[in-house]
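Here is how the chains run, residue by residue.
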Amino acid sequence: MMCRFHKMHGLGNDFVVIDARTQSLPMSRAMARAVADRHRGVGCDQLILLEPSNVADVKMRIFNADGGEVEACGNATRCVALLIGGDIRIETLGGTLDASSTGEGASVDMGTPRFTWDAIPLAYPMDTASLPVGWEGLETPFAVNVGNPHIVFFVPDADRVDLQRIGPIIENDPLFPERVNVNAASIADGRVKLRVWERGAGLTMACGTGACATAVAAISRNLASSPVDVDLPGGSLTIAWAPGGTIRMSGGATHVFKGEIDLEALL
Ligand SMILES: N[C@H](CCC[C@H](N)C(=O)O)C(=O)O
């Protein structure tokens, strides 16, 4: 079955976007994993499937490279806004988001962060502002749900954290029943430097929800003030948030090419 797709990225966090609003496409974990495979498929960090919505302009389904369907993807949300254009409302498992395309990218209202232990979720009650846990020198992280679960470690230099090694250990710790996205952040001159090990995708060039989670954590700990510029390997995002409010994320989004793939040939 030939299937058209758009190859897009948000600061190098890359996506295969399939628009299934006019022709439904049953998606499976195996199919998502096969499309994301960088050797046998198209290759991407996340597969994005667009479907009709009863509550918004479009429903955006998000599948990590490991095939798991998840609640939120900030960079992909900007890409979908760029693809569709104008001001749009996007339904996701993590909530319905308002986005505005700005030509080179988009700004998105990512909703209200949640801080209670059972909203992250954690396996048992804890102070999510400063978890009394640590892994090999990464200590007292901040946990927050921004549609998806994130843990944020503030360190002297984010580049010196071996996320390739420690990321999957933390991602899969039993403290996180839904696993977790792992953020290593350092602050310099009021800006945040961020490196992310993503749940279900590994190290990525950028993570939109990671930037949101880290900005919320930095503002909550008085380490930075809103709006916060977050510098990731693939580029910078600007995150605005005040306690009690919603998170506003702005940044680039890029359409690279249109393609076609034989989905049956992948399995
Ligand atoms: N790995 C994330 C989904 C993608 C998030 C990231 N690509 C973004 O831009 O927010 C999770 O499992 O919750």
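Note that the coordinates shown come from a computational prediction; the quantities given were computed from them, not determined experimentally.

Novice: Quick question: what am I supposed to make of helix 4 (residues 208-220) here?
Specialist: Along an α-helix, a turn takes 3.6 residues, which lines up residues three or four apart on a common side. In this model, helix 4 (13 residues) spans 18 Å end to end at C-alpha, consistent with the 18 Å of a helix rising 1.5 Å per residue. The element helix 4 is largely enclosed, with a buried count of 12 among its 13 residues. Buried within helix 4 are the following residues: Gly208, Thr209, Gly210, Ala211, Cys212, Ala213, Thr214, Ala215, Val216, Ala217, Ala218 and Ile219. Asn222 occupies a position one or two residues after helix 4 and carries a positive phi of about 60 degrees.

Novice: Mind showing me how you'd approach helix 3 (residues 163-171) here?
Specialist: Every buried residue belonging to helix 3 is among Leu163, Ile166, Gly167, Ile170 and Glu171, and all of these are buried. Down the axis of helix 3, the buried set is contained in an arc of 135 degrees. They therefore lie on one face. Contacts from the buried residues of helix 3 go to strand 9 (134-135), strand 10 (138-139), strand 12 (149-154), strand 13 (181-188), strand 14 (191-198) and strand 15 (202-203).

Novice: Help me understand the domain arrangement of the chain in this model?
Specialist: By a frequent convention, interface size equals the accessible area lost on bringing the separate parts together. For the chain, the domain assignment lists domain 1 (2-109 + 253-266) and domain 2 (134-245). Each of domain 1 and domain 2 has a C-alpha centre, and these two points are 23 Å apart. Between domain 1 and domain 2 the total buried area reaches about 1,200 Å² when both faces are included, carbon and sulfur atoms providing 48% of it. Where domain 1 touches domain 2, the interface holds two salt bridges. Here Asp66 makes a salt bridge to Arg179, at a shortest N to O gap of 3.0 Å. Summed over the shared surface of domain 1 and domain 2, the result is eight residue pairs in polar contact (both at pLDDT 80 or more). The greatest single-element share of the side of domain 1 that touches domain 2, amounting to three residues, is contributed by helix 2 (residues 74-84).

Novice: Which parts of the structure should I look at to understand the packing of aromatic side chains?
Specialist: Centre distance and the angle of the planes are the two values used to describe a pair of aromatic rings. In total, this model carries five aromatic pairs according to the counting rule given. With a centroid separation of 5.9 Å and an interplanar angle of 70 degrees, the aromatic rings of Phe5 and Phe257 are classed as edge-to-face. Linking Phe5 in strand 1 (residues 2-10) with Phe257 in strand 19 (residues 254-262), this pair joins segments that are 252 residues apart in sequence. Chaining the aromatic ring pairs together yields one cluster made of Phe115, Phe142 and Trp241.

Novice: Honestly, the environment of Asn222 in this entry has me stumped. Any pointers?
Specialist: Here Asn222 lies in the loop between helix 4 and strand 16 (228-232). Residue Asn222 is classed as exposed on the basis of its relative accessible area of 71%. In sequence terms Asn222 and Phe63 are 159 residues apart; their C-alpha atoms lie 34 Å from each other.

Novice: Explain the site of the ligand to me, please; I cannot follow it from the model alone.
Specialist: If you check the shell around the ligand, you find 15 residues, and the closest are Asn13, Asn64, Glu198, Arg199 and Thr209. One nitrogen or oxygen atom from the side chain of Gln46 is found 3.3 Å from a nitrogen atom belonging to the ligand. Note that an oxygen atom of the ligand is positioned 2.8 Å from one of the side-chain N or O atoms of Arg199. For the ligand, whose free accessible area comes to 360 Å², the fraction covered by protein is 100%. Of the pockets mapped on this structure, the ligand occupies the largest cavity. Mapped onto the shell around the ligand, the elements with two or more residues apiece are helix 2 and helix 4. Within the shell around the ligand, the residues separate by chemical class into four nonpolar, nine polar and two charged. A domain split of the shell around the ligand shows at least three residues from each of domain 1 (2-109 + 253-266) and domain 2 (134-245).

Novice: I would appreciate a short explanation of the pattern of salt bridges in the present structure.
Specialist: A side chain of one charge can pair with a side chain of the opposite charge when the charged atoms of the two come close. What the rule picks out here adds up to 19 salt bridges. Ionic pairing is found between Lys193 and Asp157, a salt bridge with its closest N-O pair at 2.9 Å. With Lys193 in strand 14 and Asp157 in the loop between strand 12 and helix 3, this pair connects stretches of sequence that are 36 residues apart. You can call Asp157 partly exposed: its relative accessible area is 26%. A salt bridge links Lys193 to Asp159, with the nearest nitrogen and oxygen atoms 2.7 Å apart. With Lys193 in strand 14 and Asp159 in the loop between strand 12 and helix 3, this residue pair connects regions lying 34 residues apart in the sequence. Given the relative accessible area of 43%, Asp159 is considered partly exposed.

What counts and what doesn't
Residues numbered from 1 in each chain as written. Predicted model: local features only at pLDDT ≥ 70, side-chain atom pairs only at ≥ 80, totals over all residues. Heavy atoms only, no water. Helix = DSSP H or I, 4+ residues; strand = E, 2+ residues; numbered from the N terminus. Expected span 1.5 Å × (residues − 1). Buried < 20%, exposed > 50% of the residue type's maximum accessible area, 1.4 Å probe, protein only. Arc of directions from axis to C-beta. Contact = heavy atoms within 4.5 Å. Domains from an automatic or database assignment. Buried area = accessible area lost by both parts, 1.4 Å probe. Salt bridge = Lys/Arg side-chain N within 4 Å of Asp/Glu carboxyl O. Polar contact = N/O pair within 3.5 Å; in protein donor to acceptor, adjacent residues only side chain to side chain. Phe/Tyr/Trp six-rings, centres within 6.5 Å; stacked < 30°, edge-to-face > 60°. Near = heavy atom within 4 Å. Areas by Shrake-Rupley, 256 points an atom, 1.4 Å probe, with all protein chains shown as cover. 1 Å grid on protein atoms, 1.4 Å probe; cavity = no way out; pocket = protein on both sides within 12 Å on 5 of 7 lines; lining within 4 Å. Sits in = over half its atoms within 2 Å of the grid points. Nonpolar A, V, L, I, M, F, W, Y, C, P; charged D, E, K, R; others polar.

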